[in-house]
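Reading the structure
So you can see what is in the structure, the chains are spelled out below.
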Amino acid sequence: MEINVKIKENLRIQAFYLFFIITSIQIGVGIMGAPMYIFTEAQQDSWISIIIAFGYLLLVLFVMFRILDQYENADILGIQVDIFGNWLGKILGTFYIIYFAAALLSVILTYIDVVQVFIFPEISSLIIGVLLISLIIYCIYGGLRVIVGVVFIFFFSAHWLLFLLYEPAIRMELDHFQPFFQASFPDLLKGARATSYSFAGFEILLLIYPFIQNKERAKFPTYFGAFWSFGLLLIGTVISIGYFSAKQLKELEWAVLSLFKIVSLPFVERFDYIVVAEWMMVALPNMILLMWAITYGIKRMYKVPQKKTLIITSFIYLILIALMSSHNIVIKLTELVSKIGFWIVYVYPFILLPIVLLKKRWQRKKESESG
Amino acid sequence: MRNILKLVVLSLLLITSLTGCVQTKSIEDLAIINTRGVDIIEDNKIETTLVIYKFDSQNQELSSIVSGEGRTIKGARKNANYKTSFKLTPGQIRLEMFGKETAKKGLLSYIDTQIRDARVSDTMYLALSETTAKDVIIQTQEGSSVHVGKYLYELIEQNVKDNIIPRVTLHDFLQTYYDNGHDPYLPVLSTATKSPTLSAIALFQDDKYVGQVPLSDALLINVFNKSIENATLEVQLPMQPFKKYLKSERLDENDEDTAHALMKVLRGNSKSKITNQQNMQFQTEITFNVTMLELSEEIDLKKPKAKEIFEEEVKKIFKKQYEQLFKNSQELNSDPFGYGTIYRINKHGGKLTDKEWREKFPDINVDFKIDFTLKGHGTTP
């Protein structure tokens with residue numbers, strides 16, 4: 001397996017699209033439920049938790065860039081093989097892909113669950129599953145550039161939802177935030193950890209990096225993308241805390257979606273229905289990017305054609321969707337993904353970086369000795 | 001290219017066949033519930049009275065009333081469904097009314113069904129009936145030619161928009177209910193005068209009705225929860241201090257002892273704070289900026305002195321009204337103002353249970369400070 005990836009010129013993408021990629025993969029189904037999880041830990045000081053989480057997020061991104069900068073044009077799968085050797089590297093890479101696959105499954109199942117709770121309780125999960133998967137397949141068939149295009153368009157076609165938050169925002173009770181600074185530091189950290197599921201996804205940077213044409217400009221869009229997701233999560237959580245009372249919020253599974261229940265316009269009485277449907281625009285880029293990561297990863301490591309894996313994984317997903325669509329399973333799966341994701345996404349890069357640096361230094365030393 | 005074409009055809013096929021996946025709901029078959037009355041009848045059963053809309057071309061009557069009994073709200077709806085050929089749908093309920101007896105036992109268990117169902121709107125209004133909810137609905141139908149549901153809903157909505165009564169939607173009720181140290185309240189409808197009228201504001205302890213205060217106090221409570229504008233205020237003033245400032249010189253023997261003034265509130269808001277934590281001393285500052293609309297006696301408000309006296313008199317009246325309202329609510333041990341929230345914020349740790357506040361609330365003292373400014377007096381002073 002090649003450590004560095006050779007990407008044809010016409011397949012590369014501009015660095016500024018990283019902004020849309022990072023934001024789109026971070027903001028998906030996670031944000032709908034995040035306020036409850038954060039609030040349970042950090043209470044009215046949840047906003048501090050989110051700020052802490054964002055600071056940490058920037059640090060992780062910085063570390064990821066440091067790792068990637070050590071190589072000419074490599075991704076995480078290649079780097080792992082370079083560091084740990086062919087066998088161990090591939091096993092770790094497979095872990096990475098399984099994690100992506102589990103994340104994708106939890107995203108699809110969560111969205112199906114939401115549709116069933118909010119709009120069609122009697123619809124079979126398999127049908128929404130088929131619909132979503134066929135959309136995913138269609139996009140992946142187009143290749144990375146089409147995927148990035150879809151992400152770009154959906155970014156704009158989903159963000160108008162923010163204006164609707166005006167209605168709950170003016171009904172906020174500011175005393176829900178008071179007294180300030182009551183949560184202890186460990187609680188704040190626990191709250192920050194509760195954001196891990198909604199913030200996760202940016203690890204795709206490690207996979208998509210070789211495709212970037214102008215790498216020297218990749219940093220700003222990435223950091224800014226993370227900042228954007230941070231802003232959205234902060235807005236969602238702050239409005240939820242102000243709008244719902246503490247006891248309500250602790251039991252509200254889809255707090256951000258429930259915010260839209262108060263929105264009512266003269267021509268659409270119940271805007272929440274539209275919001276749930278519209279949320280597909282938010283969740284779909286997420287699913288597409290994850291599916292791309294899975295198929296591309298398998299192609300990279302095992303040289304299986306992407307289309308073949310796409311069809312096979314899609315079938316497996318359909319079976320899993322049919323089997324696993326019960327609310328409790330979805331919640332359990334999401335918890336599991338967020339737990340594993342925490343280690344893979346937020347901790348692992350910090351372990352990887354020193355090893356990469358050591359290896360590079362050792363290599364240079366050897367070269368200078370032999371040279 | 002052919003691949004894509006195939007995919008498109010396939011997806012189109014899928015989409016057209018997809019409509020079969022969910023139950024279709026054509027509007028001709030639906031009866032849309034507009035207002036729901038909930039009462040407890042004997043044996044702890046629930047009786048719901050539903051005002052429904054039917055959109056059927058064969059049907060002349062647009063709205064009608066059905067009722068059902070059951071152990072749960074949903075059960076009662078199912079029972080009501082036996083009596084109509086239409087499918088009853090709850091997604092558009094605008095007003096949910098509870099009988100007073102029901103409210104005494106607590107409303108949460110009935111409201112719980114609404115929260116659980118994501119299809120129920122958060123924007124629906126809640127109200128109490130002086131007697132039973134059924135009574136109000138039936139009386140309205142008999143007494144007026146308009147649609148019952150529309151009438152009742154708009155009666156409340158209009159008054160909420162005019163800031164006469166506080167806005168109590170499902171969400172508002174639940175938010176105040178779940179906020180420790182703040183008790184909810186609901187408007188009360190009565191049928192004493194044949195057609196339904198707003199008659200009072202019901203105060204709650206948690207979710208249980210404990211008593212009511214007159215409708216004139218509604219505005220006073222409303223100021224606590226939001227900044228209001230465009231509401232009207234009516235006060236009754238003693239004439240004595242104004243004797244010197246009457247416009248006409250004639251001193252009529254049958255001059256009234258009191259003057260009535262109707263004013264429009266340009267801006268009214270309140271600010272409460274705790275002044276002494278140990279003695280539970282609170283202070284509330286209420287600001288009213290008003291403009292005069294109607295004055296029954298010819299007081300010359302152009303004179304600064306007269307205006308000053310007028311403002312002082314109104315302040316006194318408001319202070320008294322507030323103190324009376326506060327005393328009433330303390331006697332009922334229900335805190336619609338949210339002093340508990342202020343106490344919680346200033347308390348060390350920031351936690352307060354409902355029970356704790358129940359014990360403390362009757363002993364708190366509030367110093368009401370009214371700031372009343374007459375900004376204008378219409379075209380004639």
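Being a predicted model, the structure only gives us computed values, none of them experimental.

So, on to the overall build of chain A. From N to C terminus, chain A includes 17 helices and zero strands. The C-alpha atoms of chain A give 21 Å as radius of gyration, which agrees with the globular expectation for 371 residues (21 Å, within 12%). Across its three principal directions, the C-alpha atoms of chain A cover 75 × 45 × 35 Å. Looking at the 371 residues of chain A, the share that counts as buried comes to 47%. Contacts spanning at least 24 positions in sequence make up 85% of the contacts within chain A whose residues lie at least 6 apart.

The next subject is helix α6 (residues 144-158) of chain A. All names here are of chain A. A rise of 1.5 Å per residue sets the reference length of α6, with its 15 residues, at 21 Å; its end C-alpha atoms lie 21 Å apart and thus fit the reference within 8%. Taken as a whole, α6 has its buried residues at Ile-147, Val-148, Val-150, Val-151 and Phe-154. Each buried residue of α6 lies within a common arc of 155 degrees when the element is viewed along its axis, so the set occupies one face. Exposed and oriented more than 90 degrees from the buried face of α6 are Phe-156 and Ser-157.

So, about the UniProt feature "signal peptide" (unreviewed entry) in chain B. Under the UniProt annotation, "signal peptide" (unreviewed entry) lies at residues 1-22 of chain B. Regarding residues 1-22 of chain B, the helix share stands at 77% and the strand share at 0%, and the terminal C-alpha atoms are separated by 33 Å.

Let us now look at the domain arrangement of chain B. Residues and elements named next belong to chain B. Taken as a whole, chain B is organised into domain 1 (24-218) and domain 2 (232-376). With centres defined by C-alpha atoms, the gap from domain 1 to domain 2 works out at 33 Å. Contact with domain 1, which involves 14 residues of that partner, is made by 17 residues of domain 2. Of all the elements in the fold, those that place two or more residues in the side of domain 1 that touches domain 2 are β8 (197-205) and β9 (208-214).

For the rest of this paragraph, the subject is the interface of chain A and chain B. Taken together, the 22 residues of chain A in the interface contact 22 residues of chain B. When residues in the side of chain A that touches chain B are grouped by element, the largest group, three residues, is from helix α5 (residues 125-141) of chain A. Of the residues that constitute the side of chain A that touches chain B, the class distribution is nine nonpolar, seven polar and six charged.

With that out of the way, let us pick up the packing of helix α3 (residues 46-69) of chain A against helix α9 (residues 185-194) of chain A. Geometry of a packed helix pair, given as the angle between the helix axes and the separation of the axes. Residue and element names in this part refer to chain A. Running from N to C, α3 and α9 cross one another at 65 degrees; their axes reach a closest spacing of 8 Å. In terms of orientation, α3 and α9 fall into the roughly perpendicular class. The two elements α3 and α9 meet at a crossing, and its hand is right-handed. The residues of α9 that touch α3, namely those facing Ser-46, Ile-48, Ser-49, Ile-52, Ala-53 and Tyr-56, are Leu-188, Leu-189, Gly-191 and Ala-192. For the contact of α3 with α9, a count of residues per class yields seven nonpolar, three polar and no charged.

Before going further, it helps to spend a moment on the nonpolar core. In this structure, Ile-21, Leu-104, Ile-108, Met-287 and Ile-288 of chain A are the most contacted members of the largest nonpolar core, which totals 116 residues. When residues in this core are grouped by element, the largest group, 19 residues, is from helix α4 (residues 76-118) of chain A. Counting residues in hydrophobic clusters, the runner-up holds 77 residues, among them Val-148, Ala-218, Ala-231 and Phe-288 of chain B.

Turning next to the confidence of the model for chain B. The predicted coordinates should not be examined in detail at positions where pLDDT is low. Looking at chain B, pLDDT values average 83 and 95% of them are 70 or higher. Of the two predicted TM-score estimates for the complex, the pTM is 0.89 and the ipTM is 0.84.

Here we take up the sheet that holds strand β11 (residues 258-276) of chain B. Residues and elements named next belong to chain B. Taken together, the four strands give an open sheet; going across it, the order is β10-β11-β12-β13, and neighbouring strands pair in mixed fashion. Edge positions in the sheet fall to β10 (232-238) and β13 (365-376), since each of these pairs with one other strand and no more. Strand-to-strand twist across the sheet, computed as the mean angle between neighbouring axes with direction ignored, equals 40 degrees. Bridge analysis of strand β12 (residues 281-295) against β13 gives eleven bridges, and the strand direction is parallel. The residue bridging Gln-281 from the neighbouring strand is Asn-365, located in β13. Across the face of the sheet, helix α10 (residues 339-346) comes into contact with β11 and β12 while running at roughly 25 degrees to β11.

All right, on to unusual backbone geometry then. Note: most peptide bonds trans; most residues except glycine with negative phi. Each neighbour pair has its own omega, and for Gln-178 of chain A with Pro-179 of chain A the value is -10 degrees, a cis peptide bond. Structurally, Pro-179 of chain A can be placed in the loop between α8 (166-170) and α9. A positive phi angle, near 70 degrees, is found at Asp-43 of chain B, a position not held by glycine. The residue Asp-43 of chain B is located in the loop between β1 (30-41) and β2 (45-54) in this model. A positive phi angle, close to 70 degrees, is found at Asn-230 of chain B, a residue other than glycine.

This brings us to the environment of Lys-6 of chain A. Residue and element names in this part refer to chain A. Note that Lys-6 resides in the segment before α1 (17-26). Lys-6 gets classed as exposed once you count the C-beta atoms within 10 Å, which come to 7. Separated by 248 residues in the primary sequence, Lys-6 and Trp-254 place their C-alpha atoms 43 Å from one another.

Position of Ser-245 of chain A among the secondary structure elements: in the loop between α12 (219-243) and α13 (246-250). Remark: the alpha-carbon pair of Ser-245 of chain A and Phe-20 of chain A, spanning 225 residues in sequence, is separated by 34 Å. Beyond its immediate sequence surroundings of up to four residues, Ser-245 of chain A is in contact with His-176 of chain A together with Gln-175, Tyr-178 and Asp-179 of chain B.

Turning next to the pairing of β8 of chain B. Residues and elements named next belong to chain B. In terms of strand pairing, strand β7 (residues 185-190) meets β8 through six bridges, oriented antiparallel. Residue pairing across strands places Leu-186 opposite Ala-202, the latter belonging to β8. Counting the residues that bridge the hairpin from β7 to β8 gives six residues, and of these Lys-194 lies at a positive phi of roughly 70 degrees. Two strands pair when backbone bridges link them, and β8 and β9 are joined in this way by six bridges, in the antiparallel orientation. Counted as the bridge partner of Ala-202 is Gln-212 from β9. Connecting the antiparallel pair β8 and β9 is a turn made up of two residues, with Asp-206 showing a positive phi of about 50 degrees.

Parameters at a glance
Residues numbered from 1 in each chain as written. Chains lettered and ligands numbered in written order. Predicted model: local features only at pLDDT ≥ 70, side-chain atom pairs only at ≥ 80, totals over all residues. Helix = DSSP H or I, 4+ residues; strand = E, 2+ residues; numbered from the N terminus. Rg over C-alpha atoms; globule rule 2.2 N^0.38 Å. Buried ≥ 20, exposed ≤ 12 C-beta atoms within 10 Å, placed from the backbone. Contact = placed C-beta atoms within 7 Å. Expected span 1.5 Å × (residues − 1). Arc of directions from axis to C-beta. UniProt positions renumbered as here; feature names shortened; annotations may be inferred. Domains from an automatic or database assignment. Nonpolar A, V, L, I, M, F, W, Y, C, P; charged D, E, K, R; others polar. Axes fitted to C-alpha atoms, helices over the stretch in contact; angles between N-to-C directions. Parallel < 35°, antiparallel > 145°, perpendicular 65-115°, else oblique. Left-handed = near helix turned anticlockwise from the far one by under 90°. Core = buried A, V, L, I, M, F, W, Y, C linked by C-beta atoms within 7 Å. pLDDT = per-residue confidence, 0-100. Pairing = 2+ DSSP bridges.

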